[in-house]
Amino acid sequence: MAGNEQDEFYLRYYVGHKGKFGHEFLEFEFRPDGKLRYANNSNYKNDTMIRKEVFLTPAVLRECRRIISESEIMKEDDNNWPEPDRVGRQELEIVTGNEHISFTTSKIGSLVDVQSSKDPEGLRIFYYLVQVRTSLMVLIREMIPKRVRVWK
């Protein structure tokens, strides 16, 4: 992946399941114009959906591109990864430059799940990338002011 800031960059991550409390999920996307959209839906204890959007600085987007590039996730294939099941699903879609890739797998509970898969090396890259992304999202979420525009 080239680090050219003019290349298109899009990333969407979703993790969720349908269960006792309905459709519960976490989803975020980094859009080419720098907009970050975040949604978290949980009906546990009658909680409501949280939706936020904010524009990221070019430095943050460069760091996202760098993380994707260094992970080498664009070389992976999800054909031998566990299929989504009743426990849930994860989706990762990335567009960078002329490359577009989408992954779908089940929720991963721990590295034990990764090691027992048919493709532990590829799934490990996905697992760690998702952990970095989720940590980045927690950090960004904490930095977003409470008055950020909520989208519907």
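Relevant structure appears above.
Reading the values: rules and limits
Residues numbered from 1 in each chain as written. Predicted model: local features only at pLDDT ≥ 70, side-chain atom pairs only at ≥ 80, totals over all residues. Heavy atoms only, no water. Helix = DSSP H or I, 4+ residues; strand = E, 2+ residues; numbered from the N terminus. Buried < 20%, exposed > 50% of the residue type's maximum accessible area, 1.4 Å probe, protein only. Contact = heavy atoms within 4.5 Å. Areas by Shrake-Rupley, 256 points an atom, 1.4 Å probe, with all protein chains shown as cover. Salt bridge = Lys/Arg side-chain N within 4 Å of Asp/Glu carboxyl O. Phe/Tyr/Trp six-rings, centres within 6.5 Å; stacked < 30°, edge-to-face > 60°. Pairing = 2+ DSSP bridges. Axes fitted to C-alpha atoms, helices over the stretch in contact; angles between N-to-C directions. Expected span 1.5 Å × (residues − 1). Arc of directions from axis to C-beta. Lys, Arg positive; Asp, Glu negative; His and termini not counted.

A. Fine view of the overall build of the protein. Scanning the protein for helices and strands turns up 3 helices and 6 strands. Ordered by position from N to C terminus, the α and β elements of the protein give β-β-β-β-α-β-β-α-α. Here the protein, with 152 residues, has 43% of them falling under the buried criterion. Long-range contacts, defined as pairs at least 24 residues apart, comprise 49% of the intrachain contacts of the protein with a sequence gap of at least 6. Looking at the protein as shown, the accessible area adds up to about 9,000 Å², and 50% of this sits on carbon and sulfur atoms.

B. Representation of the pattern of salt bridges in the model. For the structure shown, the criterion picks out 11 salt bridges. A salt bridge links E72 to K75, with the nearest nitrogen and oxygen atoms 3.4 Å apart. One connected set of salt bridges, linked through shared partners, spans R12, E27, R89, E91 and E93.

C. The packing of aromatic side chains, seen in detail. Tallied over the full model, the rule gives 7 aromatic pairs. Taking the centre distance of 6.3 Å and the plane angle of 65° together, the rings of F103 and F126 count as edge-to-face. With F103 in strand β6 (residues 99-106) and F126 in helix α3 (residues 120-143), this residue pair connects regions lying 23 residues apart in the sequence. On the basis of relative accessible area, F103 is assigned to the buried category, the value being 1%. Note on F126: relative accessible area 0%, which makes it buried.

D. Up close: the sheet that holds strand β5 (residues 89-96). Strand order in the open sheet made by the 6 strands is β4-β3-β2-β1-β5-β6, with antiparallel pairing throughout. Since the sheet does not close on itself, it has two edges, and those belong to β4 (50-55) and β6, each with one partner. Direction aside, neighbouring strands of the sheet carry axes that sit 10° apart on average. Pairing of strand β3 (residues 35-41) with β4, which is carried by 6 bridges, proceeds in the antiparallel orientation. Within β4, the position partnered with A39 by the bridge is R51.

E. Structural view of the environment of A39. Within the element layout of this structure, A39 appears in strand β3. Overall, A39 belongs to the buried group, its relative accessible area being 3%. Counting along the chain gives 11 residues from A39 to I50, while the straight-line C-alpha distance between them is 5.5 Å.

F. Structural detail: helix α1 (residues 58-71). In this model α1 runs 20 Å from its N-terminal to its C-terminal C-alpha over 14 residues, within 8% of the 20 Å that 1.5 Å per residue would give. Every buried residue belonging to α1 is among L61, C64, R65, I67, I68 and S71, and all of these are buried. Seen end-on, α1 carries its buried residues on one side only, within an arc spanning 160°. E72 occupies a position one or two residues after α1 and carries a positive phi of about 60°.

G. Region of interest: the side chain of D119. Relative to the assigned elements, D119 resides in the loop between α2 (111-115) and α3. Summary of buried charges: D119 has no salt-bridge partner, and the nearest side chain of opposite charge, R124, is 8.0 Å away.

H. Representation of the pairing of strand β1 (residues 9-19). Among the 11 residues that make up β1, 8 are buried, leaving the element largely enclosed by the rest of the structure. Of the strand pairs in this sheet, β1 and β5 are connected by 8 bridges, and their pairing is antiparallel. Residue pairing in the sheet places Y14 in a bridge with E91 of β5. Judged from the 9 bridges that link them, β1 and strand β2 (residues 22-30) form a sheet pairing that is antiparallel.

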